[in-house]
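# Chain and residue survey
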Amino acid sequence: MCGEQNPPPCIDKPPKPIQSPDPEYPRNTRKVKGQGEVVLQLIVGTDGLAHDVRIIGSLGPGFDEEALKALKQWTFRPAMSEGKPVPAFLSISVSFRKVR
C-alpha cells in the first residue's frame, strides 16, 4: 500500500530471483580458506537484470569480484506495482564457504 513510508510507485510484489548461480571461490585465496558473505546493493530493473550494483559489505579482494561476476548471471522476476513491472532496490548477500 502507498503511504508516507512507501511513496508511489508502490511495490505490491518485491523482485524475486529466478536464476541465481553460486559464485566461484577465488583461486588466489584458496590457501586462506576464507568464508563469509559479500553484500551487494542493486536495482532490479523491469528487464529482470541487476543494475547500479554496489558493494556495501566487502569480504576482500577476489571475493568481491567473484560476487559481482556471479550477480551478472542472475535473473529476477521484476517488482510489480499495480500489475506493472517497476524498478526496485534490493540488497543481496552472496555467500562463500571454505574450500576443503
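Numbering of residues starts from 1 in each chain and follows the order in which that chain's sequence is written. Selection of residues for local features in this predicted model requires a pLDDT of at least 70, selection of side-chain atom pairs for listing and counting requires 80 or more, and totals for whole chains, interfaces and linings are taken over all residues. Think of the side-chain values as coming from all heavy atoms in the structure, minus any hydrogens and water.

## Regarding the environment of histidine 51
Elements are defined by DSSP. Helices are runs of H or I of four residues or more, strands are runs of E of two residues or more, and each kind is numbered from the N terminus. Tracing the backbone shows histidine 51 in strand S3 (residues 50-57). Only heavy atoms matter for contacts: two residues are in contact if any of them lie within 4.5 Å across the pair. Not counting chain neighbours up to four residues away, the residues in contact with histidine 51 comprise Leu42, Ile43 and Gly45.

## So, unusual backbone geometry
Unusually for a residue other than glycine, aspartate 52 sits at a positive phi of about 50°. Position of aspartate 52 among the secondary structure elements: in strand S3. Relative accessibility thresholds used throughout: buried, under 20% of the residue-type maximum; exposed, over 50%; partly exposed, between the two (1.4 Å probe, protein chains only). Judged by relative accessible area, which is 59%, aspartate 52 ranks as exposed.

## Details of the pattern of salt bridges
Any carboxyl oxygen of Asp or Glu within 4 Å of a side-chain nitrogen of Lys or Arg constitutes a salt bridge here. Taken as a whole and judged by the stated rule, the model has one salt bridge. A salt bridge links glutamate 66 to lysine 69; its shortest N-O distance comes to 3.3 Å. With glutamate 66 and lysine 69 both in helix H1 (residues 63-71) and three residues apart, the pair spans about one turn of that helix. Glutamate 66 gets classed as buried once you look at its relative accessible area, which sits at 15%. Relative accessible area serves as the criterion here: at 48%, lysine 69 is assigned to the partly exposed category.

## Focus on the nonpolar core
Each nonpolar core is a collection of buried residues, namely Ala, Val, Leu, Ile, Met, Phe, Trp, Tyr and Cys, held together in the definition by side-chain atoms within 4.5 Å. Grouped together as the largest cluster of nonpolar side chains are 14 residues, with contacts concentrated most on Leu71, Phe76, Ile92 and Phe96. Broken down by secondary-structure element, the contributors of at least two residues to this core are strand S2 (36-44), H1 and strand S7 (88-96). Apart from the residues within four sequence positions on either side, phenylalanine 76 is in contact with Lys16, Pro17, Ile18, Leu42, Val44, Gly48, Ala50, Leu71, Leu90 and Ile92.

## What about the packing of aromatic side chains?
Think of it this way: a Phe, Tyr or Trp ring, Trp meaning its six-membered ring, pairs with another when their centres are within 6.5 Å, and the plane angle makes it stacked under 30 degrees, edge-to-face over 60, tilted otherwise. Counted by the stated rule, this structure contains four aromatic pairs. With a centroid separation of 5.1 Å and 80° between ring planes, the pair formed by phenylalanine 63 and phenylalanine 96 is classed as edge-to-face. On the criterion of sequence distance, the pair formed by phenylalanine 63 in helix H1 and phenylalanine 96 in strand S7 is long-range, its members being 33 residues apart. The buried category is assigned to phenylalanine 96, whose relative accessible area is 4%. On the numbers, 5.9 Å between centres and 40° between planes, the contact of tryptophan 74 with phenylalanine 76 is tilted. Each member of the pair, tryptophan 74 as well as phenylalanine 76, carries the same accessibility label: buried.

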